[in-house]
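Read off the chains here:
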Amino acid sequence: MVFNSYGFVLFFGVLLVLHHLPLAWRIKKINLLLASYLFYAAWNPPFVLLLWLATAVDFYIARLIAREERPVPRRLLLGVSLGLNLGLISFFKYGGFLLDNFTALLGAVGIAFHAAKPDLILPVGISFYTFVTLSYTLDVYRRQAPPEPSFLNFALFVTFFPHLVAGPIVRPADLIPQFYTPRQANRAQLLWGLLLLSLGLWMKVVVADGLLAPVADSVFGVPFPLAALDAWAGVLAFSGQIFCDFAGYSTCAIGVALCLGFVLPDNFRYPYAAIGFSDFWRRWHITLSTWLRDYLYIPLGGNRRGSARAYLNLLLTMLLGGLWHGASWTFVAWGALHGLLLCAERLVRGWTTRRRGQPLPAHAPVAEARVHHAAIGPPFPAHPLPGRFGLGLLTLLLVNVTWVFFRAPDFATAARLLRAMFGLLPSAPPLLTTLALLKVGVLSVGLVGAHWLMRDTSLARVAARVPWWLLGLGWATMLVLLVLTQKSSSSFIYFQF
Amino acid sequence: MPTPSLVKASLLAALLTAIFVVGWELYWRGQGFPISYNDDASLWASTRKRIYRSSPARPVLIGSSRIKFDVDLDTWASLSGQRPIMLAVEGASPRPILTDLGNDPAFRGTLIVDVTEGLFFTPPGARQERWAMDRLRAYPNWSLAQQLSFHLNRGLESRLVLLDENKLTVNAFLDELPLPNRPGVFGPPRFSPYFSFNSFERQSWMSARFVADTAMQNQMKAAWRHLGAGQPQHGVGGDTLVAMLQTARRAVAQIRRRGGHVLFVRTPSSGLYRQMETRNYPRAEYWDRLLAVTGAPGIHYADYPALAGFECPEWSHLTPRDAAAFTRALIPLVEQQTGWIIRAHPVAAAPTVPR
């Protein structure tokens, strides 16, 4: 079920009523759990079995790990959990990819090998709930969290429908404690949740699907060379589309959870106003970048084992982060580019800091509470506004270059796009209409402008400052545009990951 | 959370939205817009589910927009007692759908394939083929959630005119802006909003206002001219054409082997469209060859006086009144050409022979 569907409106309406009935808290949690399974099964019912398997195995293995004191059995138990979770995702998501590469490898050494490619359907959200269950087992293994004694609480933590299929990727500490005491949204939470749901739907339905997706699809879909203007417009359109699609989903998820009285972590903080790549990853898909930091980068040694190892760890983390997004070398290239850019930024920052004779900034989560979770690496040092803005624009430009690999179906398309963007192709026929160019131009400037205006504040703070009638007018405008766009039921991009 | 202002803001938002929805609905009803269903992948999928109950009296119709306009389902039902199953997709090539039905071992029914040469013989990989493929891909993945939303949506669409995805959306209004394009850019055609409406059974019809208004008809002619400008001067040939014909032959043979029936139909076109089609797709090279290669019967409107006299007001589709007359004339011809029994109570008709 997707948030932008009539089916969800009915589902959520019924669930809200049930959640506000005077029932025991345990009954309400069972309602939420059953509703979450229904939400998931509405795509493809048999895949609920995978969810049950992952839930049951991780619940019981975590208990055994907590009870076990001997290191070897503990490691073995952890291995079972990792094997199951990573095995499932490898089979469903990477099976075909691995087979293709294995075949190509054998072909390269002269061995002709042909295997029937498995015709597998990717269970929606598997990458997300696998990371959720993994974080639980790993936290228990590292004794950073006790195992949850209640199976109902744990199952609800894994399955809670707002975050289940596309995040935010919740940690045990984020959500499980919220199930201990009865929760029901008060009037302010309910209205704020509905406002966030409206905003998220507006971002997804109106901006991403309605206005930007056709332009991006058109540019990335043509098999011939493009003019530079068209190539840039297509990439900028995708840049806006993917933000509004994914941040729109997260905003909906946070809003829906809040309507039920639960708080989910922020996943985006105006990333297109980021200054540098550490800052970008502190603002883009925050729950993924912090997951990668805590469960991959730091266990690999982070920056504690010398400079060269820190660079290698950064690269490895981002490569795997890229692969998490999809079973394709283009995603690996996207991750590698981000890794390289993070390394370059670290190099430049170290060099400029040494030149000024200052100590290197501590590589730890930033103390400033404004950012919920820190990402990999400390923030870029502050500069006067024009310099910051210039660095921000440079970051945005490079982020857009990386999006080419993320969206292109293959390297040939990516190379064609990049060559067109940087004027390395002979003149090509124009593709996009004036209207399409205007849409991309206005929305891109609007999006980046909004991110810069909002980069050091929050929606709640702004909403508290504006007059009620202006807030109501803005809310109504979003709802009217939703009615006027009517594109319902299309999937969110991140469902495929 | 800004509590006091949120209550007032939410009330204001709800009020303004309600006023807009009511006003917008009344305005478009006042403009003569009827209830029309969005002809999307879900509606197609819900129709595709019904193909296993087809028969000569209740055939599956595939093709593009012409058969959706030209075969009047009510008229067909009044004569046969059963309604055909409309699977045609506007602007798309029926070839992928023919192949799909051929490959479906459970389909052993009756199929009528409308041939608009420019779409049927579209080159492999062209967007006209991709549109059909999109529907085919969506069908097996039509999830329970989508089906639930589809049925809820149907309830709303049957009551609200404003839920018209093609004409009453932000993008549709933006497309009307008179913005000149760079030289060489192929912009979207500007269709008259009164040209095409769609029933739940996927019947298309043009509004009475469109039928009466030559300015709107001329707007559509300009749109077809614009689309025609992007077409090659001659249809595909050589090995590509041979491959297409063989694909069609294979699908027809598969359906027939299972006891099914296939008939090709060429529905009318007029004016510049007819000239363009005659020039780009000479009958001997395309239509006649299709029938010869597949071995299936075919009815070309130009061969029968009962079908040849219809005029399309915008060159490509029949008015609702003519569609009813065309259907009444077509059914006896189909019976005669194929031996199918369509009419519940066939009346003795004068034998109709090809010209």
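Residues numbered from 1 in each chain as written. Chains lettered and ligands numbered in written order. Predicted model: local features only at pLDDT ≥ 70, side-chain atom pairs only at ≥ 80, totals over all residues. Heavy atoms only, no water.

What follows covers the overall build of chain B. In terms of helices and strands, chain B carries 16 helices and seven strands. Within chain B, the fraction of its 355 residues that count as buried is 52%. The contacts in chain B between residues at least 6 apart in sequence include a share of 79% that link residues at least 24 apart. Across chain B, the mean location of the 39 positive side-chain charges is 3 Å away from that of the 29 negative side-chain charges. (Helix = DSSP H or I, 4+ residues; strand = E, 2+ residues; numbered from the N terminus. Buried < 20%, exposed > 50% of the residue type's maximum accessible area, 1.4 Å probe, protein only. Contact = heavy atoms within 4.5 Å. Lys, Arg positive; Asp, Glu negative; His and termini not counted. Charge placed at Lys NZ, Arg CZ, Asp CG, Glu CD.)

Attention now moves to the sheet that holds strand 1 (residues 60-62) of chain B. Residue and element names in this part refer to chain B. Taking strand neighbours across the sheet as the criterion, the five strands line up as 2-1-3-6-7 in an open arrangement whose pairing is parallel. The sheet terminates laterally at strand 2 (85-86) and strand 7 (298-300), the two strands that pair on one side only. Across three bridges, the pairing between strand 6 (residues 261-266) and strand 7 is parallel. Looking at the pairing, Arg266 lines up with His300 of strand 7. In the packing of helix 5 (residues 95-103) onto the sheet, contacts are made with strand 1, strand 3 (110-114) and strand 6, and the angle to strand 1 comes to roughly 145 degrees. (Pairing = 2+ DSSP bridges. Axes fitted to C-alpha atoms, helices over the stretch in contact; angles between N-to-C directions.)

To continue, consider the interface of chain A and chain B. Counting residues at the interface gives 49 residues for chain A and 47 residues for chain B. Carbon and sulfur atoms make up 73% of the surface buried where chain A meets chain B, a total of about 3800 Å² over both sides. A per-residue breakdown of the area chain A buries against chain B is headed by Tyr6(A), Trp468(A) and Gln486(A), which together make up 19% of the total. On inspection of chain A and its partner chain B, the count reaches one salt bridge. Of the charged contacts, one joins Arg182(B) and Asp230(A) as a salt bridge, the two residues approaching to 2.6 Å between their closest N and O atoms. (Buried area = accessible area lost by both parts, 1.4 Å probe. Salt bridge = Lys/Arg side-chain N within 4 Å of Asp/Glu carboxyl O.)

Disulfides are covalent bonds that connect the sulfur atoms of two cysteines. Residues and elements named next belong to chain A. Scanning all chains against the criterion turns up zero disulfides over all chains. Looking at the unpaired Cys259, the closest cysteine sulfur is the one in Cys252, lying at 11 Å. The exposure class assigned to Cys259 is buried, which follows from its relative accessible area of 0%. (Disulfide = S-S within 2.5 Å.)

In this section: the pattern of salt bridges. All names here are of chain A. The full count for this structure, using the stated rule, is 31 salt bridges over all chains. The closest approach of N and O atoms between Glu345 and Arg349, which form a salt bridge, is 3.3 Å. Of the two residues, Glu345 and Arg349 both sit in helix 14 (residues 329-355), four residues apart, roughly one turn of that helix. Taken individually, Glu345 and Arg349 each receive the classification buried, so the pair is uniform in this respect. Counted as one network, the salt bridges with shared partners bring together Asp279, Arg282, Arg283, Arg455 and Asp456.

Turning to the packing of aromatic side chains, a few remarks are in order. This model, assessed by the stated rule, comprises 74 aromatic pairs over all chains. Aromatic side chains Phe243(A) and Tyr272(A) sit 5.7 Å apart centroid to centroid with 50 degrees between the ring planes, which places their arrangement in the tilted category. One end of the pair, Phe243(A), is in helix 10 (residues 228-259); the other, Tyr272(A), is in the loop between helix 10 and helix 11 (277-283), with 29 residues separating them in the sequence. Lying across the ring of Tyr273(B), Arg66(B) places its NZ or CZ 5.2 Å from the centre. (Phe/Tyr/Trp six-rings, centres within 6.5 Å; stacked < 30°, edge-to-face > 60°. Lys NZ or Arg CZ within 6 Å of the ring centre and 35° of its normal.)

The subject of this paragraph is the nonpolar core. If you look at the biggest cluster of nonpolar residues, it comprises 182 residues, and the most contacted ones within it are Phe12(A), Phe39(A), Phe157(A) and Tyr272(A). When near neighbours in sequence (up to four residues on either side) are disregarded, Phe39(A) contacts Met1(A), Phe3(A), Phe8(A), Phe11(A), Phe161(A), Val165(A) and Tyr249(A). Counting residues in hydrophobic clusters, the runner-up holds 35 residues, among them Leu87(B), Val115(B), Phe264(B) and Trp287(B). (Core = buried A, V, L, I, M, F, W, Y, C linked by side-chain atoms within 4.5 Å.)

So, about the environment of Gly240(A). Residues and elements named next belong to chain A. Of note, Gly240 is situated in helix 10. The class for Gly240 is buried, based on a relative accessible area of 5%. Sequence separation of Gly240 and His285 is 45 residues, and the distance between their C-alpha atoms is 15 Å. Setting aside residues up to four positions removed in sequence, Gly240 forms contacts with Leu212 and Leu447.

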